Protein chains: 2
Amino acid sequence: MADLDHEGGTPLYRQIADIIAAQIESGELQPDRPIPSETRMAEEYGVARLTARRAVRELVERELVYVVRGKGSFVRPEE
Amino acid sequence: MADLDHEGGTPLYRQIADIIAAQIESGELQPDRPIPSETRMAEEYGVARLTARRAVRELVERELVYVVRGKGSFVRPEE
DNA sequence: CGAAATTTGTTCGTATGTATC
DNA sequence: TGATACATACGAACAAATTTC
């Protein structure tokens, strides 16, 4: 699992964000349920925590995720 | 705010360092109080974090600032 | 009540690659 | 050729909120 392209074009954080986004849109990750923690994602995809963190930031900017400090990051429910 | 001269002569990092230095000398930034973080400065002046970092290095070389890893950069108190 | 574990938040430290002047 | 500057990425330290026991 979690084969990222370390070569050219797409940054790792965006690749990860795209994977999570797909899981949200497929319903694999459900509204108001947590997505994997930054630490978990870092392990999962073999990246640094900060890179996982950037992926989460991307998802927040895409309005797919909201974050609660000390608790986790969650799938944003539909309007 | 924070209009830097992207044209000729003075490097961006030195321009930023000069701005911070002026704020220190005016008392706007006080001894043992933090100066803006590298990330903050990067946003503020529209430069890369590494460029902000070079500005901080300049200030350290001028003995106006000291840096503590994981905490921040601070105005160096008078002798 | 408190201590520990988990999780996000923020900061500086470092390295590589690319582009521009 | 060298200095400047940007983007990405990993590492390390510290801080704060939350949960669990």
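A brief report on the enclosed structure follows. What you see is a predicted model, and the numbers here were worked out from it, not measured in a lab.

**Side note on the packing of aromatic side chains**
All names here are of chain A.
- Per the counting criterion, the structure on display carries two aromatic pairs over all chains.
- On the numbers, 5.5 Å between centres and 25 degrees between planes, the contact of Tyr-66 with Phe-74 is stacked.
- Tyr-66 sits in the partly exposed class, given a relative accessible area of 29%.
- Here the basic side chain of Arg-54 rests over the ring of Tyr-13, its NZ or CZ set 4.1 Å away from the ring centre.

**Regarding the pairing of strand E1 (residues 65-68) of chain A**
- Examined bridge by bridge, E1 of chain A and strand E2 (residues 72-75) of chain A share four bridges and lie antiparallel to one another. Across the sheet, Val-65 of chain A pairs through a bridge with Val-75 of chain A, a residue of E2 of chain A.

**Focus on the environment of Ser-73 of chain A**
Residue and element names in this part refer to chain A.
- You can see Ser-73 is positioned in strand E2.
- Residue Ser-73 is classed as buried on the basis of its relative accessible area of 10%.
- Through-space distance from the C-alpha of Ser-73 to that of Asp-32 is 8.9 Å; in sequence the pair is 41 residues apart.
- Residue contacts for Ser-73: discarding those within four places in its chain leaves Arg-33, Pro-34, Ile-35, Val-56, Val-65, Tyr-66 and Val-67.

**Looking at the nonpolar core**
- Residues Ile-16, Ile-20, Ile-24, Ile-35, Met-41, Tyr-45 and Leu-59 of chain A are the most contacted members of the largest nonpolar core, which totals 20 residues.
- Secondary structure elements with two or more residues in this core: helix H1 (12-26), helix H2 (38-45) and helix H3 (49-61) of chain A.
- Considering each element in turn, this core owes the most residues, six residues, to H1 of chain A.
- Those residues within four positions of Ile-24 of chain A in sequence are excluded, and the remaining contacts are Leu-29, Leu-64, Val-65 and Val-75 of chain A.
- Judged by nonpolar contacts, the second largest core, of 19 residues, contains Ile-16, Val-47, Ala-55 and Leu-59 of chain B.

**Considering the protein's contact with DNA strand D**
- Close contacts around DNA strand D come from 22 residues, with Leu-12, Thr-51 and Arg-69 of chain A together with Leu-12 and Thr-51 of chain B the closest.
- The sugar-phosphate share of atoms of DNA strand D within 4 Å of the protein amounts to 83%.
- Here Leu-12 of chain B contributes a backbone N or O atom positioned 2.4 Å from a phosphate oxygen of DNA strand D.
- Between a phosphate oxygen of DNA strand D and a main-chain N or O atom of Ala-48 of chain B, the distance comes to 2.9 Å.
- Sorting the residues of the surface near DNA strand D by element identifies H1 and H3 of chain A together with helix H1 (12-26) and helix H3 (49-61) of chain B as the ones contributing at least two each.
- For the surface near DNA strand D, the leading source of residues is H3 of chain A, giving three residues.
- Its residues assigned to classes, the surface near DNA strand D shows 12 nonpolar, five polar and five charged.

**Let's talk about the protein's contact with DNA strand C**
- Looking at DNA strand C, there are 24 residues lining it, with Glu-38, Arg-49 and Arg-53 of chain A together with Arg-49 and Arg-53 of chain B nearest.
- Of everything in DNA strand C that lies within 4 Å of the protein, sugar and phosphate atoms constitute 62%.
- Side-chain polar atom of Arg-49 of chain A to a base nitrogen of DNA strand C: 2.7 Å apart, as the coordinates give it.
- Residue Ser-73 of chain B places a side-chain N or O atom 3.4 Å away from a phosphate oxygen belonging to DNA strand C.
- At the level of elements, H3, E1 and E2 of chain A together with H3, strand E1 (65-68) and strand E2 (72-75) of chain B are the ones that each hand at least two residues to the surface near DNA strand C.
- When its residues are assigned to classes, the surface near DNA strand C shows six nonpolar, eight polar and 10 charged.

Cut-offs and rules
- Numbering of residues begins from 1 in every chain and follows the order in which that chain's sequence is written.
- Whichever chain is written first becomes A and whichever ligand is written first becomes 1, with later ones labelled in order.
- pLDDT decides what is reported in this predicted model: residues at 70 or higher carry local features, side-chain atom pairs at 80 or more are listed and counted, and totals for whole chains, interfaces and linings draw on all residues regardless.
- Think of the side-chain values as coming from all heavy atoms in the structure, minus any hydrogens and water.
- Two rings from Phe, Tyr or Trp (for Trp, the six-membered ring) form a pair when their centres sit within 6.5 Å of each other. Planes less than 30 degrees apart are called stacked, planes more than 60 degrees apart edge-to-face, and all others tilted.
- For every residue, the accessible area (1.4 Å probe, protein chains only) is compared with the maximum for its type, and the residue is labelled buried under 20%, exposed over 50%, or partly exposed between those bounds.
- Both a distance and an angle decide whether a charge sits over a ring: NZ of Lys or CZ of Arg must be within 6 Å of the ring centre and within 35 degrees of the ring normal.
- A pair of strands is labelled paired if DSSP reports no fewer than 2 bridges between them.
- Secondary structure elements follow DSSP: runs of H or I no shorter than four residues count as helices, runs of E no shorter than two count as strands, and numbering proceeds from the N terminus.
- The contact criterion used is simple: two residues touch if any of their non-hydrogen atoms lie within 4.5 Å.
- For the purposes of this section, nonpolar cores are sets of buried Ala, Val, Leu, Ile, Met, Phe, Trp, Tyr and Cys residues that join through side-chain atoms within 4.5 Å.
- If even one non-hydrogen atom of a residue comes within 4 Å of a molecule or strand, that residue is called near it.
- Between N or O atoms, a polar contact is any pair within 3.5 Å; within protein, one atom must be a potential hydrogen donor and the other a potential acceptor, and residues adjacent in sequence are included only when both atoms are from side chains.
- Ten residue types, Ala, Val, Leu, Ile, Met, Phe, Trp, Tyr, Cys and Pro, are classed as nonpolar, four, Asp, Glu, Lys and Arg, as charged, and the remainder, Gly among them, as polar.

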